[in-house]
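# Residue-level structure breakdown
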Amino acid sequence: MKSIVRFKCVQKSWLAATKNDWFVCRHLKFSRAMPPDVLIVPREECSDDEDEEIGLSNEISFYRLREPLSKDIDDTKVELMLEAVQPEVITHTILTTHCDGLVAIATATDQVYVSNPATKEFVTLPLGNHDVREINIPSAAIGFDPWRNRYVIARYFYCNYMVLEDEDTGERSFEYDIGHEVFTLGLGHSWEITDNPPLAICPFARPVCMRGAFYWCTNGMLNEYMILRFNLYDEKFGMLPFPPGCHHGDLAELSGKLCFVHAANVDTICIWQLVDDKLEPVWSQCSRIDVFSNEISTYGFFPILSRDTEMLIAVDDEKLYQLYEWSDTMSELVDMEDGLEYE
């Protein structure tokens, strides 16, 4: 990418060539064939004595871990890719999602940003519909629409959210209305409302976009446990069941497959893979990881990458481990608190 950016400055015909759709597709295909890097976006947590409800900052940094499953642990280095300083403020709590080098940054407000760290671009999107929740959780993700050949941001928001408590029993119930909208990069200047999600979306589960669809986990406190699939082809919602016996967990994409990461107990992580999502979805348990170290808990245990018998694991948003599945051994790859400006 650095070479391409330099070539753009040579002459006008070279600049035009880099913007040609054929060239862009060829470069993307070439990039996908290479071992993947990992992008780390550290954020500062809110302090207990902070006056504001949400912590704010005008800086955000992107670090790159080069080909973590392709080199020795002793050679692992994390390099600063982009440090963006914005005139407007960015909340400390963010949700970052990635697609083909583009990164969407959803914040704890209605604001969403998009960045291409390789080209140093950082763009502020128009404001979406207002989310009425008192504690706003980031709720947007980026993906690719293969039918329209465009990148899109999908976002859900609550138009109404009320917690009701019975005076006699103390039992709580919820009333809510949830909406959904999409923003197409390169087309238009506003968000477009789609069909509403049929169930409430869990604010803490990671979304996944793959094969032309966004996948969201539902909120089990408000309704049944399901996975919502928003198909970009017809912009309609469908539903998939959780894997057997699972009532909480995270979605992940590993080796091009939709996976569900479930903490079976305090010592065991199960990773399920969606084998077939047609009329009768079929899940298969593809990995069972026993966390045998007292320093590693199943809380915050999330797989980032998998290749053959190796897996890259994030734990507690603080450390990255390299897991060798067949030998049941884990080796620390990066301590982000020590290696980065990461609080």
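Residues numbered from 1 in each chain as written. Predicted model: local features only at pLDDT ≥ 70, side-chain atom pairs only at ≥ 80, totals over all residues. Heavy atoms only, no water.

### As for the pairing of strand 22 (residues 319–324)
With six bridges joining them, strand 21 (residues 310–315) and strand 22 adopt antiparallel strand pairing. Bridging from a neighbouring strand, E310 pairs with Y324 of strand 22. Hairpin connection from strand 21 to strand 22: three residues lie between these consecutive antiparallel strands, with D316 at a positive phi of about 55°. Pairing of strand 22 with strand 23 (residues 329–335), which is carried by six bridges, proceeds in the antiparallel orientation. Residue pairing for strand 23: Q322 is matched across the bridge by S331. (Pairing = 2+ DSSP bridges. Helix = DSSP H or I, 4+ residues; strand = E, 2+ residues; numbered from the N terminus.)

### Side note on the sheet that holds strand 15 (residues 236–241)
Ordered by their spatial adjacency, four strands build an open sheet running 12-13-14-15, and the pairing between neighbours is antiparallel. Two strands lie at the open edges of the sheet, namely strand 12 (208–210) and strand 15, each paired on one side alone. When strand polarity is set aside, the average angle formed by the axes of neighbouring strands in this sheet is 25°. Two elements, strand 14 (residues 226–231) and strand 15, share six bridges in a ladder whose sense is antiparallel. Bridging across to strand 15, L228 finds its partner in M239. (Axes fitted to C-alpha atoms, helices over the stretch in contact; angles between N-to-C directions.)

### Let's talk about the pattern of salt bridges
Applying the stated criterion across every chain, the model contains 11 salt bridges. Across the salt bridge formed by R64 and D37, the nearest N and O atoms sit 3.7 Å from each other. Taken together, the residues span a long stretch of sequence, with R64 in strand 2 (residues 56–65) and D37 in the loop between helix 3 (21–32) and strand 1 (38–40) at a distance of 27 residues. For D37, a relative accessible area of 31% corresponds to the partly exposed category. Put simply, D250 and R206 hold a salt bridge, and the shortest N to O gap is 2.8 Å. Of this pair, D250 sits in strand 16 (residues 250–254) while R206 sits in the loop between strand 11 (192–193) and strand 12, and the two are 44 residues apart along the sequence. With a relative accessible area of 16%, D250 lands in the buried category. For R206, a relative accessible area of 28% translates into the label partly exposed. Here the residues in one salt-bridge network are D37, R64, R66 and E79, joined through shared partners. (Salt bridge = Lys/Arg side-chain N within 4 Å of Asp/Glu carboxyl O. Buried < 20%, exposed > 50% of the residue type's maximum accessible area, 1.4 Å probe, protein only.)

### Quick word on the nonpolar core
Core analysis: the biggest nonpolar cluster contains 19 residues, and Y156, Y158, I201, F214, W216 and F230 have the highest contact counts within it. Taken together, the elements giving at least two residues each to this core come down to strand 9 (150–165), strand 10 (172–184), strand 13 (213–217) and strand 14. With four residues, strand 9 is the single largest residue contributor to this core. Residues within four places of Y158 in sequence aside, it is in contact with H130, D131, V132, R133, Y176, D177, I178, A200, I201 and L222. A205, C217, F242 and W283 belong to the second-largest nonpolar core, a separate cluster that totals 18 residues. (Core = buried A, V, L, I, M, F, W, Y, C linked by side-chain atoms within 4.5 Å. Contact = heavy atoms within 4.5 Å.)

### With respect to the packing of aromatic side chains
In the structure shown here, the tally under the stated rule is 13 aromatic pairs. An angle of 80° between the planes, with centres 6.2 Å apart, marks the rings of Y156 and Y158 as edge-to-face. Grouping residues by exposure puts Y156 and Y158 together as buried. Linked through ring pairs, Y156, Y158, Y176 and W216 together constitute an aromatic cluster. If you follow R206 out to its NZ or CZ, it ends over the ring of F302, 3.8 Å from the centre. (Phe/Tyr/Trp six-rings, centres within 6.5 Å; stacked < 30°, edge-to-face > 60°. Lys NZ or Arg CZ within 6 Å of the ring centre and 35° of its normal.)

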